[in-house]
Amino acid sequence: MTIEVRNIVKEFGSFRALDNVDLRVETGELMALLGPSGSGKTTLLRIIAGLEWPDSGVVTIDGEDALAHGAAERHVGFVFQHYALFRHMNVFENVAFGLRVQPRKIRKSEAEIKKRVGNLLDLVQLGWLADRYPSQLSGGQRQRIALARALAIEPRILLLDEPFGALDAKVRKELRAWLRNLHEEIHVTSIFVTHDQEEALEVANRVVVMDKGRIEQIGSPGDVYERPASAFVHGFIGESIVLPVEVRDGRVRLGDRDLDLIAQDAAAGPSKLFVRRHDVAVGPSGSGVFEGAVKAVRAFGPMQRADIVLGGLGGDILIEIDAPRDHSLKVGDHIGLQPQRYRIFADR
Amino acid sequence: MRLLIIGFALTFLTVFVVLPLILVFSEALAKGVAFYLSALADDEALAAIKLTLIAAGISVGLNLVFGVIAAWAIAKFDFPGKTFLITLIDLPFSVSPVISGLVFVLLFGAQGWFGPWLMAHGVQILFAVPAIVLATTFVTFPFVARELIPLMQEQGQQEEEAAISLGASGWTTFWRVTLPNIKWGLLYGVLLCNARAMGEFGAVSVVSGHIRGETNTMPLLVEILYNEYQMVAAFAIASLLALLALVTLIVKTVLEGRIEEGLHPDDH
């Protein structure tokens, strides 16, 4: 089932939540909508589900005009951030709800409903909780029940709104891997919304990065991390060192210094230099474009993180870098820093 | 100090609540159970009880439907004039019941807006059962809506959205998701609404006309009997109203626990 979204505009009062958004999701994809709060990602998801209506634009699901139908007729599975389980029904009845409200003509028999709910509870590995009420479950269990409930109607597509947002870090990590495996098993076209870049990069096979109601970049997790299309994407995904520079005559300048860097395709004018923290080579003083003094070192895992004060740039600039543990860094050392990979984007 | 405060509170409660309550029942039974029962079985008393039940039944029914609709609209949707509507719902609480009654006299009285037209068509509203029902409905309108609005607002609309995305129609969603979630709050509102409807005096007094055996409700009959120095009969009817109050209190306490459970199920 493909999903296609074209020229979607949605305003809340004077706030433009979605500004001409185009998106195509292919059959069997697991796509992440990633962006800060207010970027429009949840609104886009709710429009596809039919819980919100766009001011203009087109939404098709499997080539069929989705906007001709309300949420109840779209056969879209929707999973809410706060689960939205029916609090007065037990787990079995929650999952069975979508089957029980089907028109009488196509409604399954009680035995079939029982069998299907049983299968779904097995799928989410919570068959033993069938008689419990939502209030007796943990957050992670509730979200898996919510997923089973959404899958009960055999949805054409599955939409998840910040599915792990309300869970604590450990459960979130477990559920991420679990969702990935589940998707490989059932292969329903899925979109999930998240503001957590790690979650998006780890779970999705394609990532849509959004900001201020627009799509900034669509690509594989590797793409958006290694080849960010804009300053926003570079800043939002992964941790970067950002320095304000100026591009003039194809040269990159910081303050009154000419940096020995290539301007790439940034237009002349004020720009930003982005370098990943681990893409900085550390050497003896004089070995790089920048000179700095080590101010603090924190070692954990395979890397060490150091605070460096960059000198000679007209005012001190404090940056953080990640260096391998085998390179000894001590507070007070004067070092040379060379960006090995970097991007320069003109300010908008 | 603590004992002093508790003692003061208990004394106050005894003097102003418990003693009068005991007095009502002891006065009602002053001439024995037989007299008490015959006072209640009196034609006028029976007529008043019947009228009170009719007025309360109709007004509670109407306010149940209107209250749910109004609370639904206010809690689940945003529309212009919402704040105004909330204020309007509170109006019967802030206006003296006597004025509420006078409003209906102005509307349906002989010199009122609709009075001449109604008279020409032979429709009797004022000084008859319709006016009593209308006045009671007006005065008790806020109870159900006021109880449901915060409850529905706190519950949000995600469960409804979930139901609809699972293919349920609006009607099915209301019956299977919304109503079960608000049922205790709804019952609570109905209970208070009913207690007030049966006990309403001011507004009903203005529109009733005090026709004996026809347009007297229980509170009105109590006043009439009292003014005629029929103490035992007056207190016999009053004891029924007091009994209603006691039952209301007990059920109310039970319901409050249920509502709390429905709002914060995680705590249990």
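Further up the page is the structure itself.
Notes on the structure follow. Keep in mind it's a predicted model, so treat the numbers as computed, not measured.

### Digging into the pairing of strand S14 (residues 269–276) of chain A
All names here are of chain A.
- Among the eight residues in S14, six count as buried, and that is most of the element.
- Looking at chain direction, strand S11 (residues 240–248) and S14 are connected through eight bridges and run antiparallel. Considered in S14, the bridge of Pro244 is made with Lys272.
- Here S14 runs beside strand S20 (residues 343–346); their pairing, made up of four bridges, is antiparallel. Looking at the pairing, Phe274 lines up with Arg343 of S20.

### Comments concerning the sheet that holds strand S4 (residues 56–61) of chain A
Residues and elements named next belong to chain A.
- Sheet architecture is open: four strands sit in the order S2-S1-S4-S5, paired in antiparallel fashion. Edge positions in the sheet fall to strand S2 (15–25) and strand S5 (64–65), since each has one partner strand and no second.
- Where strand S1 (residues 3–12) and S2 come together, eight bridges link them in antiparallel fashion. Its bridge partner being in S2, Glu4 is matched across the sheet by Arg24.

### Describing the side chain of Gln304(A)
Residue and element names in this part refer to chain A.
- Turning to its location among the elements, Gln304 is positioned in strand S17 (residues 303–310).
- Taking the relative accessible area as the measure of exposure, Gln304 reaches 6% and is therefore buried.
- Within the structure, Gln304 has its side chain in polar contact with the backbone oxygen of Pro324 (distance 3.0 Å).
- Aside from chain neighbours lying at most four places away, what touches Gln304 is Val297, Arg298, Ala299, Ile321, Asp322, Ala323, Pro324, Arg325, His327 and Leu329.

### Side note on the nonpolar core
All names here are of chain A.
- Formed by 45 residues in total, the largest nonpolar core has its most connected members in Val95, Val117, Ile145, Leu147 and Leu158.
- Those elements that provide at least two residues to this core are strand S3 (30–34), helix H2 (91–100), helix H3 (110–123), helix H4 (139–151), strand S7 (157–161), helix H5 (169–186), helix H6 (197–203) and strand S9 (206–211).
- When neighbours within four sequence positions are excluded, Leu147 is seen to be in contact with Val79, Leu158, Leu160, Trp178, Leu179 and Leu182.

### Some details on the sheet that holds strand S13 (residues 257–262) of chain A
Residues and elements named next belong to chain A.
- Reading across the sheet, the five strands line up as S13-S12-S11-S14-S20 and stay open at both edges, with antiparallel pairing between neighbours. Looking at the sheet topology across the chains shown, the edges are occupied by S13 and S20. Recorded for the sheet is a direction-independent mean angle of 40° between the axes of neighbouring strands.

### Here's the deal with the pattern of salt bridges
Residue and element names in this part refer to chain A.
- Scanning the model with the defined rule gives 42 salt bridges over all chains in all.
- Taking the shortest distance from any N to any O, the salt bridge between Glu26 and Arg24 comes out at 2.8 Å.
- Take Glu26: its relative accessible area is 34%, and that puts it in the partly exposed class.
- Among the residues examined, Arg24 registers a relative accessible area of 38% and is labelled partly exposed.
- As a salt-bridge pair, Asp223 and Arg227 come within 2.8 Å of each other at their nearest N and O atoms.
- One connected set of salt bridges, linked through shared partners, spans Arg172, Lys173, Arg176, Asp196, Glu198, Glu199 and Glu202.

### A look at the environment of Ala120(B)
All names here are of chain B.
- Locating Ala120 in the fold gives a position in helix H6 (residues 115–120).
- Among the residues examined, Ala120 registers a relative accessible area of 65% and is labelled exposed.
- Sequence-wise, Ala120 and Cys193 are 73 residues apart; in three dimensions their C-alpha atoms are separated by 35 Å.

### A word on the interface of chain B and chain A
- Counting residues at the interface gives 20 residues for chain B and 23 residues for chain A.
- Both faces considered, chain B and chain A share a buried interface measuring about 2000 Å² in area, 58% of it formed by carbon and sulfur atoms.
- Among the residues of chain B in contact with chain A, Ser165(B), Leu166(B) and Arg176(B) are the three that bury the most area, contributing 32% of the side total.
- Summed over the shared surface of chain B and chain A, the result is two salt bridges.
- Residue Arg46(A) pairs with Glu161(B) through a salt bridge whose shortest N-O separation is 2.6 Å.

### Overview of the packing of aromatic side chains
- Tallying each qualifying case throughout the model produces 14 aromatic pairs over all chains.
- Seen in terms of ring centroids, Phe174(B) and Trp175(B) are 5.6 Å apart; in terms of plane orientation they differ by 80°. Their pairing is edge-to-face.
- Three or more aromatic residues joined by ring pairs make a cluster, and in this case those are Trp72(B), Trp171(B), Phe174(B) and Trp175(B).
- A cation over an aromatic ring shows up here: Arg144(A) above the ring of Trp178(A), its NZ or CZ 5.6 Å from the ring centre.

### Here's the deal with unusual backbone geometry
Residue and element names in this part refer to chain A.
- Its identity as a non-glycine residue notwithstanding, Ala84 has a phi of 55°, on the positive side.
- By the element assignment, Ala84 lies in the loop between strand S6 (76–79) and H2.
- Phi is positive for His187, close to 55°, though the residue is something other than glycine.
- Here His187 is to be found in the loop between H5 and strand S8 (189–194).
- Overall, His187 belongs to the partly exposed group, its relative accessible area being 48%.

### What to know about the packing of helix H3 (residues 43–76) of chain B against helix H7 (residues 129–140) of chain B
All names here are of chain B.
- Relative orientation of the contacting elements H3 and H7 amounts to 50°, with a least axis distance of 9 Å. Between H3 and H7, the angle is such that the two are oblique. By crossing handedness, the relation of H3 to H7 is classed as right-handed. Of the residues in H7, those touching H3 at Leu51, Ala55, Ile58, Ser59, Leu62 and Asn63 are Val129, Ile132, Val133, Thr136, Thr137 and Thr140.
- Its residues assigned to classes, the contact of H3 with H7 comprises seven nonpolar, five polar and no charged.

### Description of helix H10 (residues 170–199) of chain B
- The end-to-end C-alpha distance of H10(B), which contains 30 residues, comes to just 37 Å, noticeably less than the 44 Å that a straight helix rising 1.5 Å per residue would cover.
- Where H10(B) bends most, the angle comes to about 60°, and this point is Lys183(B).

Reading the values: rules and limits
Residues numbered from 1 in each chain as written. Chains lettered and ligands numbered in written order. Predicted model: local features only at pLDDT ≥ 70, side-chain atom pairs only at ≥ 80, totals over all residues. Heavy atoms only, no water. Buried < 20%, exposed > 50% of the residue type's maximum accessible area, 1.4 Å probe, protein only. Helix = DSSP H or I, 4+ residues; strand = E, 2+ residues; numbered from the N terminus. Pairing = 2+ DSSP bridges. Polar contact = N/O pair within 3.5 Å; in protein donor to acceptor, adjacent residues only side chain to side chain. Contact = heavy atoms within 4.5 Å. Core = buried A, V, L, I, M, F, W, Y, C linked by side-chain atoms within 4.5 Å. Axes fitted to C-alpha atoms, helices over the stretch in contact; angles between N-to-C directions. Salt bridge = Lys/Arg side-chain N within 4 Å of Asp/Glu carboxyl O. Buried area = accessible area lost by both parts, 1.4 Å probe. Phe/Tyr/Trp six-rings, centres within 6.5 Å; stacked < 30°, edge-to-face > 60°. Lys NZ or Arg CZ within 6 Å of the ring centre and 35° of its normal. Parallel < 35°, antiparallel > 145°, perpendicular 65-115°, else oblique. Left-handed = near helix turned anticlockwise from the far one by under 90°. Nonpolar A, V, L, I, M, F, W, Y, C, P; charged D, E, K, R; others polar. Expected span 1.5 Å × (residues − 1). Bend = angle between axes of the 7 residues up to and from the residue.

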